[in-house]
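# Architecture at a glance
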Amino acid sequence: MNELPLHKINYMNFQNIKIELKDKIAIVVINRPKQLNALNKMTIEELHNALSHFINDAKIRTIIITGSGEKAFVAGADIKEFADFDVERGRDLAKSGQEKLFDFIEKYPKPVIAAINGFALGGGLELAMACHFRLCSENAKMGLPEVSLGVIPGYGGTQRLAQLIGKGKAMELITTAKMLSSKKALEHNLVNYVFSSEELLNECLKLGSLISNNSPKAITAAIEAINAGFDNQVNGYEKEIELFGNCFGSDEFIEGTTAFLEKRKANF
Ligand code: DAK
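This report concerns the structure included in the present document. Note that the structure is a prediction, hence the values are computed from the model and not measured. (Residues numbered from 1 in each chain as written. Predicted model: local features only at pLDDT ≥ 70, side-chain atom pairs only at ≥ 80, totals over all residues. Heavy atoms only, no water.)

### Digging into the nonpolar core
Defined as follows: The set of buried Ala, Val, Leu, Ile, Met, Phe, Trp, Tyr and Cys residues whose side-chain atoms join them within 4.5 Å is what this entry labels a nonpolar core. Summary of the burial criterion: residues with accessible area below 20% of their type's maximum are buried, those above 50% are exposed, and those between are partly exposed, where the area comes from a 1.4 Å probe applied to protein chains only. Pairs of residues are marked as contacts when any of their non-hydrogen atoms sit within 4.5 Å.
With 47 residues, the main nonpolar core has Phe54, Ile63, Ile65, Ile116, Leu127 and Met142 as its most contacted residues. Beyond its immediate stretch of four places on either side in the chain, Ile63 contacts Ala26, Val28, Leu51, Phe54, Tyr108, Pro111, Val112 and Ile113. Among the nonpolar cores identified, the runner-up in size contains 16 residues, and Phe133, Phe195, Cys204 and Ile219 belong to it.

### A look at the layout of surface pockets
Where we set the bar: In this analysis the probe radius is 1.4 Å and the grid spacing 1 Å, with only protein atoms considered; a cavity is a set of points the probe fits into but cannot get out of, a pocket is an open set with protein on both sides within 12 Å along at least five of seven lines, and lining residues have an atom within 4 Å of a point. Grid points are joined across faces, edges and corners, and a volume is the space filled by probe spheres set on the points. For the purposes of this entry, the term helix denotes a DSSP run of H or I that reaches at least four residues, the term strand denotes a run of E that reaches at least two, and both are numbered from the N terminus. By the convention adopted, Pro, Cys, Tyr, Trp, Phe, Met, Ile, Leu, Val and Ala count as nonpolar, Lys, Arg, Asp and Glu as charged, and the other residues, Gly among them, as polar.
Taken as a whole, the largest pocket encloses approximately 990 Å³ of empty space. Around the largest pocket, the lining comprises 41 residues; the ones closest to its centre are Ala77, Phe82, Phe85, Val151 and Tyr155. A per-element tally of the lining of the largest pocket places helix 3 (residues 87-106) first, with ten residues. A breakdown of the residues in the lining of the largest pocket according to their chemical character gives 19 nonpolar, eleven polar and eleven charged. If you add up the space inside the second largest pocket, you get close to 550 Å³. Elements with a minimum of two residues in the lining of the second largest pocket: helix 3, helix 5 (157-165) and helix 9 (216-228). If one sorts the elements of the lining of the second largest pocket by residue count, helix 9 sits on top with five residues.

### Focus on the sheet that holds strand 7 (residues 119-121)
As a reminder, the rule being used: Note: two strands are recorded as paired if DSSP finds a minimum of 2 bridges between them.
Across the sheet, four strands lie side by side as 5-7-9-10; this open sheet has mixed pairing. The strands lining the two open edges of the sheet, one partner per strand, are strand 5 (72-74) and strand 10 (180-181). Both strand 7 and strand 9 (residues 141-143) contribute to a ladder of three bridges, which runs parallel. Residue pairing across strands places Phe119 opposite Lys141, the latter belonging to strand 9.

### Structural notes on the site of the ligand
To keep it simple, the criterion reads: We call a residue near a molecule or strand whenever a single non-hydrogen atom of that residue lies within 4 Å of it. Pairs of N or O atoms are called polar contacts if they sit within 3.5 Å, as long as, within protein, a hydrogen donor faces a hydrogen acceptor (for residues adjacent in sequence, only side-chain-to-side-chain pairs). What decides whether a molecule sits in a cavity or pocket is whether more than half of its atoms lie within 2 Å of the grid points.
In the vicinity of the ligand lie 25 residues, with Lys71, Ala75, Ala77, Ala94 and Gly123 positioned nearest. Between an oxygen atom of the ligand and a side-chain N or O atom of Lys71, the distance comes to 2.6 Å. Backbone polar atom of Ile79 to a nitrogen atom of the ligand: 3.0 Å apart, as the coordinates give it. More than half of the atoms belonging to the ligand lie within 2 Å of the grid points that define the largest pocket. For the shell around the ligand, the elements supplying multiple residues, two or more each, are helix 2 (79-82), helix 3 and strand 7. Classifying every residue of the shell around the ligand by side-chain character gives 14 nonpolar, six polar and five charged.

### Quick look at the pattern of salt bridges
What counts is decided by this rule: Within this document, salt bridges are pairs made up of a side-chain nitrogen of Lys or Arg and a carboxyl oxygen of Asp or Glu, the two lying within 4 Å of each other.
Summed over all chains, the structure comprises 15 salt bridges. One salt bridge in this structure joins Glu106 and Arg160, with 2.8 Å as the shortest N-O distance. With Glu106 in helix 3 and Arg160 in helix 5, the pair connects residues that are 54 residues apart, well separated along the chain. The residue Lys184 makes a salt bridge to Glu187 at a minimum N-O spacing of 3.3 Å. Within this pair, Lys184 and its partner Glu187 are both found in helix 7 (residues 182-187), separated by three residues, close to a single helical turn.

Laid out in structure tokens, this is it:
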């Protein structure tokens, strides 16, 4: 990872993740480089705990999730951990993992950016796809190779990949288990931008800094409204109207409009 003047803070005694703070941005680094940052149960638990903590920390406006080292974001769920699962355990863990981490991130009230710094495979790509958007390094490789192991993506991958790149391409990628290069991932809109490994984190921080200028309450409402359009149970347009109306009751709306009229920068 890039050498940055990051203020390192030990929020909690995490074993598998590191937290670094830069201005109003929390960088969550998955830190199991010897296993290419494979997601085991404890890592999922720690990610959930760290993110839960940041929800109530008004100083943190954006979360960046990345992997330790230059080789991998996350090379999948930890294969050693789920190799002996039976049907019931597989189903239970898919459900609890989806709720605890993947759906939790998708609905998270602050923007979560995936900085994909290498392999993002299986559960790793599912984690990146649950994030609100993705940037990757030129050396990144992305895929859902689960069928090569006799399973299917179990952390929302069949749903989110089809939403992001379209049904036909998702069918191809999942059934062939092949990996996409960073260039192809950009062409397929799986990632928003590609940068060199050296630039990746700084570019994510620049986006985080733009986010920090804006109204946190409006951002939370925007995330909810965008997500509503992908929820079959909800009418996205109606949700947008409701959330739009709510904005008019917020102190941040008053500050934003007052600052504009007073020709100054809003202070959110
Ligand atoms: N799990 C555990 N260890 C892993 C790992 C993984 N996913 N990926 C890599 N490692 C470990 C390797 O075992 C190796 O450890 P040692 O042998 O040195 O102890 C170390 O990381 C370095 O890996 P390689 O030696 O293989 O490195 P290479 O450069 O040669 O290859 C690679 C890099 C990324 C191409 C290769 O490591 C690879 O193919 N890794 C596995 C990719 C993969 O198939 N990932 C899993 C996808 S399936 C579930 C829900 C969801 C899921 C599962 C369960 N439930 C709800 C129960 C999701 C499943 C998946 O993610």
